[in-house]
Amino acid sequence: MFFGSLTRVVRESVSGLPRAFWWLWTSTLINRLGAFVATFMTLYLTLERGYSASFAGLVVALHGLGGVISSLVAGVMTDRLGRRPTLLAAQASTAFSVALLGFMEHPAAIAAVALLVGMTSNASRPAVHAMMADIVRPEDRVRAFSLNYWAINLGFAVSATAAGVIAEYSYLAGFLGEAALTLVCAVLVYVKLPESQPAAEPVAPGTAGGPGTRPETRLETRLGTVLRDGQFMGVVGLSFLISLVFTQGSVGLPVAMGAAGFSPGDYGLVIAVNGLLIVVLQIPVSRFIEHRDPRLLLVVSALLAGYGFALTAFAGSLWAYALTVCVWTLAEIVNSPTQMSLVVRLSPADGRGRYQGVYTMSWAVASLVAPLMAGFVIDRWGAGWLWGVTGVVGTGAALGYWLLMRGVPVGAGDGAAAPADVPGGEVPVVAVPVAADVTATAADVRPVV
């Protein structure tokens, strides 16, 4: 009975999604199987190279700065050049830069190439998210983003454990392994994924292209339009806060565990719990939250994230660390698909790349700030203070979500197909151009020429 029900849940979760989505999903899985730099950079610099936590924080911050720079550029490229060429260029250049980083020895060279890796690796995100929004129906987006997040963490669960063992013998092998798998992703994208960007429609004479206009009469969404979208930028700001907390899993946690005498393999096992738990729970939890109030989900996930990391201050064994990871991992499972679906719903179809670029920038800025914050706090006051700060930030994010989302109709952030998702539908009372978020099915995808 149990296995029959489980099989039915899995079948319902994966059915009805287009073939292009599954190639994108496969590319994501392969890419994450090779994840090494983002996970083990701090341990590489502090344990292998002997640098201080502050220098490690500076290098990881430069990696984040690269992501900040590339987020907006990649978002514009995604809209202007297309999703496929942007994704291909980003992954191929990431493979080169990651391999190069493994051979750098001088501190300045390490810092410079880390900046380059941050730029190239982050450039693929706006294209991936925009392509997924293009090819998946609105009512399936929460499910699709959940499955993609599931692939990310399935790969991460495997790679974190394997990379922890590899790091004890050769960090260079880890860098080269990530470069090789990223290059495989680039080839897969080129061979299997068609361009998904909706064909540009002519602008009707005399139209202003403001919120609420039909997609075929909208003017092209500019970057300034995105930055003036107050509600969307509020979501971006809160995403930055929650990202600041989650990033400590790969920045503050390995430094704290290393200072407490734990090995890279120990950290690999503990952080693998994050990926394994998401692999096990992402699909059933996503089915549970798919049509529930996104306001409550975002508030609860922010609190779980903040206090989950705050509990790390009391951890003294591998089991205790693993337990804290379980708490904030549940926050990830709820927050990621809910927030991604909300971002897509707030993004007009002709500006998805730019909107996704700005949204991605929130994570990139967090990757810049989080290591600086972690290194500064740990070096001066100890890891306990860092975990206390995460609790405060998580509480602030929860309050922000509650205030920002009070006026948003429940349907504006969930995966259900609201009237605004079809041409000519009524626009709900939201101060964003949701009417432009039309259904982009496989029939709307332009073939590759």
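None of these values were measured; they are calculated from a predicted model. (Residues numbered from 1 in each chain as written. Predicted model: local features only at pLDDT ≥ 70, side-chain atom pairs only at ≥ 80, totals over all residues. Heavy atoms only, no water.)

> Even after reading the chapter, I still don't get the overall build of the protein chain, so can you show me in this structure?
A count of helices and strands for the protein chain gives 17 helices and zero strands. Expressed as a percentage of its 449 residues, the buried residues of the protein chain come to 55%. Considering only intrachain contacts with a sequence separation of at least 6, the fraction spanning at least 24 residues in the protein chain is 84%. (Helix = DSSP H or I, 4+ residues; strand = E, 2+ residues; numbered from the N terminus. Buried < 20%, exposed > 50% of the residue type's maximum accessible area, 1.4 Å probe, protein only. Contact = heavy atoms within 4.5 Å.)

> So what exactly am I meant to see when it comes to the packing of aromatic side chains here?
Each pair of aromatic rings is reported with the distance of its centres and the angle of its planes. With the rule as written, the count across this model stands at 10 aromatic pairs. Judged by centre distance (6.1 Å) and plane angle (20°), the ring pair of Phe-309 and Trp-387 falls under stacked. With a gap of 78 residues between them, Phe-309 in helix 14 (residues 294-310) and Trp-387 in helix 17 (residues 383-404) connect regions that are remote in the sequence. Side by side, Phe-309 and Trp-387 carry an identical accessibility label, which is buried. Ring centres of Phe-376 and Trp-381 lie 5.4 Å apart, and the angle between their planes is 75°; this geometry places the pair in the edge-to-face category. Phe-376 sits in the partly exposed class, given a relative accessible area of 37%. Through a chain of ring-to-ring contacts, the aromatic side chains of Phe-21, Trp-22 and Trp-25 assemble into a single cluster. Geometry around Tyr-190 places Arg-84 over its ring, the cationic atom sitting 4.9 Å from the centre. (Phe/Tyr/Trp six-rings, centres within 6.5 Å; stacked < 30°, edge-to-face > 60°. Lys NZ or Arg CZ within 6 Å of the ring centre and 35° of its normal.)

> What is the right way to read the pattern of salt bridges from this model?
Any two side chains of opposite charge can pair, so long as their charged atoms come close to each other. In this structure the tally under the stated criterion is four salt bridges. A salt bridge links Asp-134 to Arg-352, with the shortest nitrogen-to-oxygen separation between them at 3.0 Å. Here Asp-134, found in helix 7 (residues 124-135), pairs with Arg-352, found in helix 16 (residues 352-381); they are 218 residues apart in sequence, far enough to count as distant. Take Asp-134 and Arg-352: they sit in the same class, and that class is buried. Look at the salt bridges and you will find they share partners, linking Asp-79, Arg-83, Asp-134, Arg-352 and Arg-354 into a network. (Salt bridge = Lys/Arg side-chain N within 4 Å of Asp/Glu carboxyl O.)

> Any chance you could explain the confidence of the model for the protein chain here in plain terms?
One rule of thumb: low pLDDT means the predicted coordinates there are not for detailed reading. In this model, the protein chain carries a mean pLDDT of 76, and residues with pLDDT of at least 70 account for 81%. Taken together, the stretch residues 203-219 has pLDDT below 50 and engages in 29 contacts with residues farther than four places along the chain or on a different chain. Of the regions scoring below 50 in pLDDT, residues 411-449 engages in 103 contacts with residues more than four places distant in sequence or in other chains. (pLDDT = per-residue confidence, 0-100.)

> Mind showing me how you'd approach the packing of helix 14 against helix 15 (residues 318-345) here?
The geometry of a pair of packed helices is captured by two quantities: the angle between their axes and the separation between those axes. Running from N to C, helix 14 and helix 15 point in directions that differ by 150°, and their axes come no closer than 8 Å. Regarding the angle of helix 14 to helix 15, the classification is roughly antiparallel. Helix-helix and strand crossings are classified by hand; for helix 14 and helix 15 the assignment is left-handed. Contacts between helix 14 and helix 15 pair Pro-294, Leu-297, Leu-298, Ser-301, Leu-304, Ala-305, Gly-308 and Phe-309 from the former with Thr-324, Val-327, Trp-328, Leu-330, Ala-331, Val-334, Asn-335, Thr-338, Gln-339 and Leu-342 from the latter. (Axes fitted to C-alpha atoms, helices over the stretch in contact; angles between N-to-C directions. Parallel < 35°, antiparallel > 145°, perpendicular 65-115°, else oblique. Left-handed = near helix turned anticlockwise from the far one by under 90°.)

> Help me understand the nonpolar core, please; the structure alone is not making it clear to me.
The tendency in soluble globular proteins is for nonpolar side chains to be buried as a group. The biggest cluster of nonpolar side chains holds 101 residues, and the ones touching the most others in it are Phe-21 and Phe-232. If you look at the next biggest cluster of nonpolar residues, it comprises seven residues, including Ile-278, Val-285, Ile-289 and Leu-297. (Core = buried A, V, L, I, M, F, W, Y, C linked by side-chain atoms within 4.5 Å.)

> Looking at this model, I keep getting lost on the environment of Leu-62. Mind explaining?
Inspection of the secondary structure assignment puts Leu-62 in helix 4 (residues 53-80). The sequence separation of Leu-62 and Val-117 amounts to 55 residues, and the corresponding C-alpha distance is 9.4 Å.

> For this particular structure, what's the right way to read the environment of Ala-95?
Structurally, Ala-95 can be placed in helix 5 (residues 83-102). With 86 residues separating them in the primary sequence, Ala-95 and Leu-181 have C-alpha atoms 7.9 Å apart. What Ala-95 contacts, discounting residues up to four positions off in sequence, is Ala-179, Thr-182 and Leu-183.

> Is there a simple way to think about the environment of Leu-403 in this case?
When you line up the elements, Leu-403 lands in helix 17. Along the sequence, Leu-403 and Arg-295 sit 108 residues apart, while their C-alpha atoms lie 9.5 Å from each other.

> What is the right way to look at the side chain of Ser-97 in this model?
Turning to its location among the elements, Ser-97 is positioned in helix 5. Take Ser-97: its relative accessible area is 0%, and that puts it in the buried class. There is a polar contact of 3.1 Å between the side chain of Ser-97 and the backbone oxygen of Thr-94. Every residue in contact with Ser-97, bar those within four places of it in the chain, is listed here: Val-113, Leu-116, Val-117 and Thr-120. (Polar contact = N/O pair within 3.5 Å; in protein donor to acceptor, adjacent residues only side chain to side chain.)

> Which parts of the structure should I look at to understand a nonpolar patch on the surface?
On the surface, Leu-183, Val-187, Tyr-190 and Val-191 cluster together into a nonpolar patch covering about 410 Å² of accessible area. Structurally, Leu-183 can be placed in helix 9 (residues 171-192). (Patch = residues over 30% accessible without salt bridge, like charges linked within 9 Å, V, L, I, M, F, W, Y side chains within 5 Å. Areas by Shrake-Rupley, 256 points an atom, 1.4 Å probe, with all protein chains shown as cover.)

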